[in-house]
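These are the residues of each chain, in order.
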Amino acid sequence: MCLAIPGMVESVEYPFATVDFSGTKKRVRIDLVDDVRPGEYVLVHVGFAIHKVDKEEAKKLEEMLAEIFIESG
Amino acid sequence: MISLEKAKAGIKELAVRIRKEMEGEDEIRLMHLCGTHEDTITRFNLRSLLPDNLKLLSGPGCPVCIIPDMDLQMVFHLIKNAKITFTTFGDMARVPFEGKSLFYYRSKGYDIRIVYSIFDAMEIARQSEKPVVHFGIGFETTMPSTALAVLDGVENFHIFSSHRFFIPAMEHLLSLGKARIDGFINPGHVSTIVGVKAYEPIKEKYGVPQVIAGFEPYDVVLAVYHLVKAVKNRERALLNEYTRAVKYEGNTKAQKAMDEVFDSYDWEWRGLGVVPASGGAIKRKYEEYDAMKVFEDVFKDFEAKEDARKKACRCGEVLRGLIAPSDCPLFMKACTPKDPVGPCMVSFEGTCNIWAKYGGYRV
């Protein structure tokens, strides 16, 4: 139920946007998220964007896991 | 994206560290609070990586499961006695009361439609002469979409709200105290909306360590690792592992929309009883969109009953982490995903359904 799937914003027709989920395109509401632009990723839950995916933060997790990986040899 | 090799190696290393931390320790009991977490845990058999003295319990994180039979009966009463189109998410349409579900009523000719989102239901209303009533279910993740729909205001569109605020349920669970819970894996997408700040009162009052986690296997294992350390060190931890989707303040626009539309009432949950301030009732100023108000005449002769078929169903105890699905005598015998008795076996987020789907019945 609280499943949310990231997709790439293709075009914006405020308050809607067409979002591409690996090939499947859907029209979703974006008015609860600030400043959404084409090319950005949003987390979508039951037809509305709940969050703009933070690429920097995703990268941080990757780096942290890489660290564990290196430590364990 | 994290490469598969890196993720696998990271998880393995974390599992080794968790085992080391748990050596010679008393039992630690962690609870997750989201059906999607249970899905990750069971699908990837993460419990098999943990030592025997570390338990990963499943909590009331399935919005379909926690809706009590009372709400279901009211909905059935409404579709039978009012000339409406009724819209619902698919999961909810399969939950039975006395063996009958919304799908059953649809087969009998009632106008019931399955929608992906409330905005699709509004489209149906815009193109219809009839009143359209939408079954509003879900926690804080879903509630903002209902709030938007109410604020948009389509004249013949009404909501039967079975929404529940999740945070009060965590507090209620701790105050019941029956299942010992040493730490929480907090729900990722509820947290996207409410933010880290929403858990501060629980931290202050109960001090139970909490980690907000994402839904990849490494997110969950990392959360478990942090929780084990916090429990051992008696830290009042409130950590956010899911930083790529959760901010301290949460989604303030969504919070504002929710505040505008919903009041919080003391409503019942399956398994938890009445949870103070957990019911997402539509505010009186928007009562023209509230199906409870618009159809109050229809509900005048409504009487709730007990479902005799659910007597042996232990969904309520599963939701509180008191038992595992395999402890229920009906599990995979009288109750299967194809012919479910209780909602925990119906919903894709229900622990019984997830265990049935992936097997590996080990806690």
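About the thresholds
- Residues numbered from 1 in each chain as written.
- Chains lettered and ligands numbered in written order.
- Predicted model: local features only at pLDDT ≥ 70, side-chain atom pairs only at ≥ 80, totals over all residues.
- Heavy atoms only, no water.
- Buried < 20%, exposed > 50% of the residue type's maximum accessible area, 1.4 Å probe, protein only.
- Helix = DSSP H or I, 4+ residues; strand = E, 2+ residues; numbered from the N terminus.
- 1 Å grid on protein atoms, 1.4 Å probe; cavity = no way out; pocket = protein on both sides within 12 Å on 5 of 7 lines; lining within 4 Å.
- Points joined across faces, edges and corners; volume = space filled by probe spheres on them.
- Nonpolar A, V, L, I, M, F, W, Y, C, P; charged D, E, K, R; others polar.
- Pairing = 2+ DSSP bridges.

Chemist: What should I look at first to understand helix α7 (residues 143–152) of chain B in this one?
Modeler: Along an α-helix, residues three or four positions apart point the same way, because every turn accommodates 3.6 residues. Residue and element names in this part refer to chain B. Among the ten residues of α7, eight are classified as buried, and the element is accordingly described as predominantly covered. Here α7 has its buried residues at M143, P144, S145, T146, A147, L148, A149 and V150. Looking one or two residues past α7, G153 carries a phi angle of roughly 65°, positive in sign.

Chemist: Even after reading the chapter, I still don't get empty space enclosed by the protein, so can you show me in this structure?
Modeler: To locate leftover empty space, one rolls a probe as large as a water molecule over the atoms. Residues and elements named next belong to chain B. Under the defined criterion, the tally for this structure stands at five cavities of 30 Å³ or more. By volume, the largest cavity is sized at about 80 Å³. Residue lining of the largest cavity: C313, R314, C315, V318, C328, L330, F331, C335, G342, C344, M345 and C352, and that is the complete set. Of all elements in the fold, only α15 (315–319) and α16 (343–346) reach the threshold of two or more residues within the lining of the largest cavity. Looking at the lining of the largest cavity, its residues break down into ten nonpolar, one polar and one charged. Volume-wise, the second largest cavity comes out at about 60 Å³. For the second largest cavity, the lining is made up of 15 residues, of which S58, G59, C62, E349 and T351 are closest to its centre. Listed by contribution, the elements that provide at least two residues to the lining of the second largest cavity are α2 (35–43) and α15. Classifying every residue of the lining of the second largest cavity gives six nonpolar, seven polar and two charged.

Chemist: What's the story with the pairing of strand β7 (residues 183–186) of chain B in this structure? I'm lost.
Modeler: Regular strands place their side chains on alternate faces of the sheet. Residues and elements named next belong to chain B. What you see with β7 is no split at all: G183 and I185 on one side and F184 and N186 on the other are buried throughout. Bridge count between strand β1 (residues 28–32) and β7: three bridges; the pairing is parallel. Bridge pairing in β7 places L30 opposite G183.

Chemist: Got a minute to help me understand unusual backbone geometry in this structure?
Modeler: A cis geometry characterises the amide bond from A:Y14 onward to A:P15, with omega recorded as 5°. Of note, A:P15 is situated in the loop between β1 (5–13) and β2 (16–21). Unlike most non-glycine residues, B:N45 shows phi in positive territory, near 50°. Structurally, the position occupied by B:N45 is in the loop between α2 and β2 (54–58). If you check the backbone angles, B:M332 has positive phi at about 65° while not being a glycine.

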